[in-house]
Amino acid sequence: MTENNIATGYPNTWYGVELSNKLSRGQVLNTVVAGRKILLYRTADGKARAVDPVCPHLGANIGVGGFVDGADIVCPFHHFAYAPDGSCVRTGVGTRPPKARLTTYPTSESGGLIYVWIHSNDEDPAWTVPACDVSGYSAGHAWTKNLQGHSLDAIENAHDYTHFQFVHHTPPPETFDPPKIEGHMVTTHFQVAGFWFNTEKAKVDLTITFYGPNVFVAHLEVPGINFHAIEVAAYTPRQERDATFMKMAYAKIVVPKGVPAAISRSMNKALAILTGRSSGRQVMNDAPIWGSRTFLLHQHTTDGEQHIPLTRRWAHQFYTNLS
């Protein structure tokens, strides 16, 4: 069980644990997500899996010298092997495997990110992160940074429209509709200029959907030039105030008939890099504030900031202990 206090703990939700391209078949990776040590590995058939790294045999850390054997993860100490369901299926010396079981975490993979479900009471997932269709777009551009902050910084920041002019030096976004809340999802549609592209003329229509407070997908469109982009992103608390922001950017632009496919692919790739780096630069403008501010249980918002407490109330559903 992990701490589930809204001020200092972690929500019950899906978390982006790593970029897909950082975990190859047979690779083993030690990490921390929402205060828990996680061993991430990819089986021979390409499935990403996540377990507690402590071997229940004698307590060795499987992530230090452990290896993948087919679909199993093997402890380096005595070569006890554990199946995808966590059960011990064999020992290194061929004796009867004990009734030991690794703690497993549900995993999902979409849009270039690997997700893991963590719940303070170890309950099964109540929903899933949907697959993100990027067919027809460029190859993804990866961006990741380690920073500090609170678990709810990303969701509340995305709905704090007045800070854009002071932190991002852009005009305040023009909202089309209030945030649409559907259970574990919240979707917002607005238009912003100067955020991705350094000109107020290139206004971007943005639809951003959060799946829980820490995973979101942003759909971008520049009206009039048939430019489209998708950013699949996760803001992942690691431990205490340490966090990782990771995302994949995809882009496409409709070109006139007759333009060679190779040129079109090169343009799309360049636009994906521009999109990913531009929004990454804006995240780093937020980072010093996230890293130094105090999380307030009771906010004192003013006119035009009603969506910040709205998303805070929405986020309450992901915590067991709200005090």
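So, how was this worked out
Counting restarts for each chain, with residues numbered from 1 along the sequence as it is written. Note on the predicted model: pLDDT of at least 70 is required for a residue's local features to be given, and 80 or more for side-chain atom pairs to be given and counted; whole-chain, interface and lining totals, by contrast, use all residues. Where side-chain values are given, they derive from all heavy atoms of the structure, hydrogens and water being excluded. Burial status follows relative accessibility: with a 1.4 Å probe on protein chains alone, a residue under 20% of its type maximum counts as buried, one over 50% as exposed, and anything between as partly exposed. Numbered from the N terminus, helices here are DSSP runs of H or I no shorter than four residues, and strands are runs of E no shorter than two. Strands pair, by our definition, only if DSSP identifies at least two bridges between them. Here, residues are in contact when the closest pair of their heavy atoms is within 4.5 Å. Using protein atoms alone on a 1 Å grid, points that fit a 1.4 Å probe yet trap it form a cavity, whereas open point sets bounded by protein on both sides within 12 Å along at least five of seven lines form a pocket; residues with an atom within 4 Å of a point count as lining. Grid points are joined across faces, edges and corners, and a volume is the space filled by probe spheres set on the points. Classification convention: Asp, Glu, Lys, Arg as charged; Ala, Val, Leu, Ile, Met, Phe, Trp, Tyr, Cys, Pro as nonpolar; all other residues, Gly among them, as polar.

Caption draft 1: Fine view of the pairing of strand E18 (residues 227-239). Burial within E18 is extensive, with 11 of its 13 residues counted as buried. Bridge count between E18 and strand E19 (residues 242-253): 12 bridges; the pairing is antiparallel. Residue Thr236 lies in a different strand from E19, and its bridge partner there is Thr244. Between E18 and E19, which pair antiparallel and follow one another directly, the connecting turn spans 2 residues, one of which, Glu240, has a positive phi of 50°.

Caption draft 2: Summary view of the side chain of Thr13. As for its position among the elements, Thr13 is in strand E1 (residues 13-19). Excluding residues that lie within four positions of it along the chain, Thr13 makes contacts with Val116, Trp117, Ile118, Trp127, Tyr211, Gly212, Pro213, Asn214 and Phe318.

Caption draft 3: Main features of empty space enclosed by the protein. All told, the structure shown has 1 cavity of 30 Å³ or more when counted by the stated rule. One number sums up the size of the largest cavity: a volume of about 340 Å³. Along its surface, the largest cavity is lined by 23 residues, and Asn157, Ala158, Phe195, Ile208 and Phe216 are the ones closest to its centre. Contributing elements (two or more residues each) for the lining of the largest cavity: helix H1 (153-158), helix H2 (164-168), strand E15 (185-193), strand E16 (203-211), strand E17 (215-222), E18, E19 and helix H3 (261-292). Residue contributions to the lining of the largest cavity peak at 5 residues, all from H3. For the lining of the largest cavity, the class distribution of residues is 16 nonpolar, 4 polar and 3 charged.

Caption draft 4: Highlighting the layout of surface pockets. Of the volumes computed, that of the largest pocket is approximately 290 Å³. Forming the boundary of the largest pocket are 15 residues, of which Glu156, Asp160, His163, Arg293 and Ile308 lie nearest the centre. If you list the elements that add at least two residues to the lining of the largest pocket, you get H1 and H3. Here the residues of the lining of the largest pocket are counted per class, giving 4 nonpolar, 5 polar and 6 charged.

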